[in-house]
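# Per-entry structural report
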Amino acid sequence: MNRRLLLSAAVAVAATVAGGFTLLGRKPQAPASPADASDPVAALMQMQLPDLNGASHSLSGWKGQPMVVNFWATWCAPCVKEMPELDALQKKYPHIRFVGIGVDSAANMQKFVEKVQVSYPLWVIGAGAIDTLRKLGNPSGGLPFTIVFNADGGINRKILGEVQPDDLDKTLSGLKA
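A few points on the structure. Predicted, not measured: the structure shown is a model, and the values here were computed from it.

So, about the overall build of the chain. Within the chain, the secondary structure is distributed over 6 helices and 7 strands. The helix and strand sequence of the chain, counted from the amino end, reads α-α-β-β-β-α-β-α-β-α-β-β-α. Looking at the 177 residues of the chain, the share that counts as buried comes to 42%. In the chain, once contacts between residues fewer than 6 apart in sequence are set aside, the share between residues at least 24 apart is 61%. For the chain, the computed accessible surface area is about 9400 Å², with 57% contributed by carbon and sulfur atoms.

Shown next as structure tokens:
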């Protein structure tokens with residue numbers, strides 16, 4: 001039994017490392033974004049990102065509303081683990097907009113949501129997101145990475161790594177619509 005557990009853990013680590021190297025080795029495929037590189041938050045708000053059906057969206061459409069923006073990938077174990085917790089918080093706080101932005105391919109994400117469904121929208125930013133993540137204050141470009149925005153568009157909080165549901169719940173309970 002211990003051998004199976006050890007082998008499973010080794011495979012999971014190898015897959016995560018391979019996914020990370022694949023992600024880092026790709027040329028950035030940045031989505032259309034505004035020319036204002038001096039303000040990465042404004043650039044993020046204006047990015048046109050496709051959902052899993054190919055329809056284009058931007059965070060600017062939710063202007064005036066608090067938001068939770070979660071950058072994730074299908075190959076990222078902590079990302080996958082936190083998704084049901086984020087989904088539960090989204091249901092608890094319907095006045096707060098949640099979106100999962102996949103640092104992955106649309107095809108991988110579509111296969112993933114057949115197994116793990118969430119009630120908040122999933123958009124695709126692709127592998128070119130590492131530079132965007134760094135500009136937003138995530139120097140390593142690591143995942144998961146979550147940004148909580150106030151209704152005025154200002155950053156309330158940045159979370160690098162898996163969210164702690166109780167801690168994020170406290171933050172969200174203080175957000176006003």
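Picking up where we left off.
The geometry of an aromatic ring pair is captured by two quantities: the separation of the ring centres and the angle between the planes. Applying the stated criterion across every chain, the model contains 4 aromatic pairs. Arranged with centres 5.4 Å apart and planes meeting at 35°, the rings of Trp62 and Trp123 form a pair that is tilted. Here Trp123 lies in strand E5 (residues 122-124) and Trp62 lies in the loop between strand E2 (56-57) and strand E3 (67-72), a separation of 61 residues in the sequence. Just as Trp62 is buried, Trp123 falls in that class too. Taken together, a centroid distance of 5.1 Å and an interplanar angle of 45° make the contact between Trp72 and Phe112 tilted. Placement of Trp72 in strand E3 and of Phe112 in helix H4 (residues 106-115) is noted, with a sequence separation of 40 residues between them. Phe112 shares its class with Trp72; the two are buried.

Looking now at the pattern of salt bridges. Where charged atoms of side chains with opposite charge meet at close range, the side chains can pair. This structure, assessed with the given rule, holds 5 salt bridges. Residue Asp169 is joined to Lys92 by a salt bridge in which the shortest nitrogen-to-oxygen separation is 2.8 Å. In this pair, Asp169 is assigned in helix H6 (residues 165-173) and Lys92 in helix H3 (residues 77-92), connecting sequence segments 77 residues apart. Asp169 sits in the buried class, given a relative accessible area of 17%.

Sheet analysis places strand E6 (residues 145-149) next to strand E7 (residues 155-160), joined by 5 bridges and oriented antiparallel. Following the sheet pairing, Thr146 is matched in E7 by Ile159. The antiparallel pairing of E6 with E7 creates a hairpin that spans 5 residues between the two strands, and Gly153 there sits at a positive phi of about 90°.

Across the 6 residues of strand E4 (residues 97-102), 5 count as buried, placing the element largely inside the fold. Where E3 and E4 come together, 6 bridges link them in parallel fashion. Along E4, the bridge assignment pairs Phe71 with Ile101. Handedness of the E3-H3-E4 crossover: right-handed.

About the cut-offs
- Residues numbered from 1 in each chain as written.
- Predicted model: local features only at pLDDT ≥ 70, side-chain atom pairs only at ≥ 80, totals over all residues.
- Heavy atoms only, no water.
- Helix = DSSP H or I, 4+ residues; strand = E, 2+ residues; numbered from the N terminus.
- Buried < 20%, exposed > 50% of the residue type's maximum accessible area, 1.4 Å probe, protein only.
- Contact = heavy atoms within 4.5 Å.
- Areas by Shrake-Rupley, 256 points an atom, 1.4 Å probe, with all protein chains shown as cover.
- Phe/Tyr/Trp six-rings, centres within 6.5 Å; stacked < 30°, edge-to-face > 60°.
- Salt bridge = Lys/Arg side-chain N within 4 Å of Asp/Glu carboxyl O.
- Pairing = 2+ DSSP bridges.
- Right-handed = clockwise from strand over helix to strand, strands pointing away.

All we've got here are geometric facts, nothing functional implied.
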